[in-house]
Amino acid sequence: MKWFAFVMMVVGCLARAEEVSPVVIGRKIFMDTSLSQPVGQGCVSCHDPKAAFADARRVSPGAVNERKGRRNAPTLMYAALIPPIAAEDFYDEEGELIYVLEGGLFLDGRAHDQFEQVQMPFFNKDEMNLSGPADLADRIRKSEYASDFKKLVGGKVWGNDGKLVDQVYHSLVAFLREPMFRPFNARIDDFWKGDVKALNDSELRGLALFQSKAGCAQCHPLGVGTWPEPLLSDFGYDNLGAPSLGEEDPGLGGVSGRKNEMGQFRSPTLRNIALTAPYLHNGSIKTLKEVMEFYNKRDVEPERWGKTDFPETVNHDDMGDLKLTDQEVDDLVALMHTFTDKNLLEMKEGDELPKTPEGVPSTESRKAFFQNRPRLVDPKAKQRVPEEKVDE
Ligand code: HEC
Ligand code: HEC
């Protein structure tokens, strides 16, 4: 029976060798709750797979008791497809050249791209609260997947704090690009692929409104942009006038320092929106129906919504008084429920992560898209935007 043991050993080795990859390590890091101070918190603690990798709590508690941020954790579905922050220049109606910022990670775009973003939660005092890269590298060396990770990166990298944490970030980025996070298998996708029966009458009315009277598609476009399927976001920034919760949050303006961008946040994808309550950057609105009532009547019944942090930059042109009937509000809400991916809906009790449906292109086959994303910070990206004059 010696040959049998030998074959099993070879098979075992092959399976192992196949198993270890940046994606596999990235997944383990994502789930690991020993990479926080005190231990107990990982990425997955605030990005819950069952809530489309968002957080159902208004704000997530940090690793340290009593500490918390001021924003609602957003979905990680499709987050790898958010383009790096860049200034788009175009001519406005008066023929003047203007610049607007688009893309960037975090709701205020303060991380240039995904590679820069994944580093930050580890060292954020309100999140995982590690003291620095050496602390992270130490914990990685003591992790359960240490030997696999070491094999993957080699001894030289393993012993070097800076190089090792670089591989940590690289692995997390690889994991977030996985097809599981970008299945495009919601009912709306079936409809777009030609299954005209995929939507009912109310949803179809919602879809028509979304592109006309309600004006949603201006900022949550249904057309194809940087990716072959619609992402339902233009990644632009706007101030919706979200109800204030006491603590001011300047959003993009806090990053750029420009007054006209105070209170602006990046337009989110609406994919899986039915799973990611509560809503808006501060989680101030609990249900999709209320979000629609807010868009519809914010300016008609201001007393219902109370104060907002930066009233002077609120967008009054595209929302606030949409004159939608109650039925139309319901139709838009119904439409948004068709944006939920089936791999999330099919998750069962005890499933750690959602499955990947068949036929989703691999990251490798989309290399051109991902390679075009600059990996490191381009410090000029933000400086290209000229200071705009603010009338006071
Ligand atoms: C304590 C809760 C918490 C932990 C832990 C946490 N996050 Fe987050 N995450 C958030 C919040 C809140 C935001 C939004 C913050 C902002 O915009 O300033 C966010 C934003 C993000 C974004 C940006 C999404 C977008 O639309 O721009 C990504 C990607 C992300 N987190 C990935 C991770 C990864 C990877 C980890 C683990 C290394 C992690 N998060 C750990 C709460 C958390
Ligand atoms: C002018 C651009 C613009 C238009 C038009 C617009 N949105 Fe938005 N939308 C945004 C921005 C920006 C945010 C994020 C605001 C924030 O977090 O403070 C947002 C947030 C949302 C959210 C909450 C997302 C979340 O994750 O919390 C929903 C739901 C939503 N929009 C749906 C719609 C619908 C439906 C319409 C049409 C009635 C619409 N939007 C029209 C820009 C727009």
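The rules behind these values
Residues numbered from 1 in each chain as written. Chains lettered and ligands numbered in written order. Predicted model: local features only at pLDDT ≥ 70, side-chain atom pairs only at ≥ 80, totals over all residues. Helix = DSSP H or I, 4+ residues; strand = E, 2+ residues; numbered from the N terminus. Rg over C-alpha atoms; globule rule 2.2 N^0.38 Å. Buried ≥ 20, exposed ≤ 12 C-beta atoms within 10 Å, placed from the backbone. Contact = placed C-beta atoms within 7 Å. Near = placed C-beta within 6 Å. Nonpolar A, V, L, I, M, F, W, Y, C, P; charged D, E, K, R; others polar. Pairing = 2+ DSSP bridges. Domains from an automatic or database assignment. Expected span 1.5 Å × (residues − 1). Axes fitted to C-alpha atoms, helices over the stretch in contact; angles between N-to-C directions. Parallel < 35°, antiparallel > 145°, perpendicular 65-115°, else oblique. Core = buried A, V, L, I, M, F, W, Y, C linked by C-beta atoms within 7 Å. Arc of directions from axis to C-beta.

## Regarding the overall build of the protein chain
Scanning the protein chain for helices and strands turns up 18 helices and four strands. Computed over C-alpha atoms, the radius of gyration of the protein chain comes to 23 Å, within 12% of the 21 Å expected from 2.2 N^0.38 for 392 residues, which places it in the range of a compact globule. The principal-axis extents of the C-alpha atoms in the protein chain amount to approximately 80 × 50 × 45 Å. For the protein chain, with 392 residues in total, the buried portion stands at 39%. Partitioning the intrachain contacts of the protein chain with sequence separation of at least 6 by distance along the chain shows that 68% fall at a separation of at least 24.

## Re the site of ligand 1
With respect to spatial proximity, 25 residues lie near ligand 1, and among them C43, C46, F106, L107 and P121 are the closest. Contributions of two or more residues to the shell around ligand 1 are made by α3 (43-46) and α5 (120-123). Considering each element in turn, the shell around ligand 1 owes the most residues, three residues, to α3. Taken together, the residues of the shell around ligand 1 sort by class into 15 nonpolar, seven polar and three charged.

## Points about the site of ligand 2
Lining the immediate surroundings of ligand 2 are 25 residues, of which A214, C216, C219, Y279 and H281 lie closest. If you tally residues by element for the shell around ligand 2, the top one is helix α13 (residues 288-297), at three residues. Taken together, the residues of the shell around ligand 2 break down into 16 nonpolar, seven polar and two charged.

## Description of the pairing of strand β2 (residues 97-102)
In this sheet, β2 lies alongside strand β1 (residues 86-91) in antiparallel orientation, the contact comprising six bridges. Bridging from a neighbouring strand, A87 pairs with L101 of β2. Counting the residues between successive antiparallel strands, the hairpin from β1 to β2 contains five residues, one of them, G95, with a positive phi of roughly 80°.

## Quick look at the domain arrangement of the protein chain
Under the domain assignment used here, the protein chain contains domain 1 (19-83 + 108-182 + 361-376) and domain 2 (184-345). Relative to domain 2, the C-alpha centre of domain 1 lies at a distance of 27 Å. Each partner contributes residues to the interface: domain 1 has 22 residues there, and domain 2 has 27 residues. In terms of residue class, the side of domain 1 that touches domain 2 is built from 13 nonpolar, three polar and six charged.

## Concerning unusual backbone geometry
For the bond running from Q37 to P38, omega is -5°, close enough to zero to count as cis. By secondary structure assignment, the location of P38 is in the loop between α2 (22-31) and α3. The amide bond that connects A277 to the next residue, P278, takes the cis arrangement and shows omega of 0°. Its identity is not glycine, yet A52 carries a phi of approximately 55°, on the positive side. With respect to the secondary-structure elements, A52 resides in the loop between α3 and β1.

## Focus: helix α9 (residues 161-176)
In this model, α9 (16 residues) spans 23 Å end to end at C-alpha, consistent with the 22 Å of a helix rising 1.5 Å per residue. Listed as buried for α9 are L164, Q167, V168, Y169, S171, L172, V173, F175 and L176. Packing partners of the buried residues in α9 comprise α2, α4 (114-117), α6 (133-141), α7 (146-153) and α8 (155-158).

## Quick notes on the packing of α2 against α9
Two numbers describe how α2 lies on α9: the axes approach to 7 Å, and their chain directions differ by 95°. Taken together, the axes of α2 and α9 are roughly perpendicular relative to one another. Residues P22, V23, I25, G26, R27, I29 and F30 of α2 touch α9, and the partners they reach there are V168, H170, S171, L172, A174 and F175. Of the residues in the contact of α2 with α9, the class split is nine nonpolar, three polar and one charged.

## Quick look at the nonpolar core
Counting 77 residues, the largest nonpolar core has L172, L332 and M336 as its most contacted members. Mapped onto this core, the elements with two or more residues apiece are α2, α3, α6, α7, α9, α11 (201-211), α13 and α15 (326-337). By residue number, the principal contributor to this core is α9, which donates seven residues. Shared between two domains, this core holds at least three residues of each, these being domain 1 (19-83 + 108-182 + 361-376) and domain 2 (184-345). Not counting residues up to four positions away in its chain, the partners in contact with M336 are L270, I273, A274 and L288.

## Topic: α6
For α6, the full list of buried residues reads L136, A137 and I140. On an axial view of α6, the arc spanned by its buried residues comes to 100°, and they lie on one face. Summarising the contacts, the buried residues of α6 are in contact with α5, α7 and α9.

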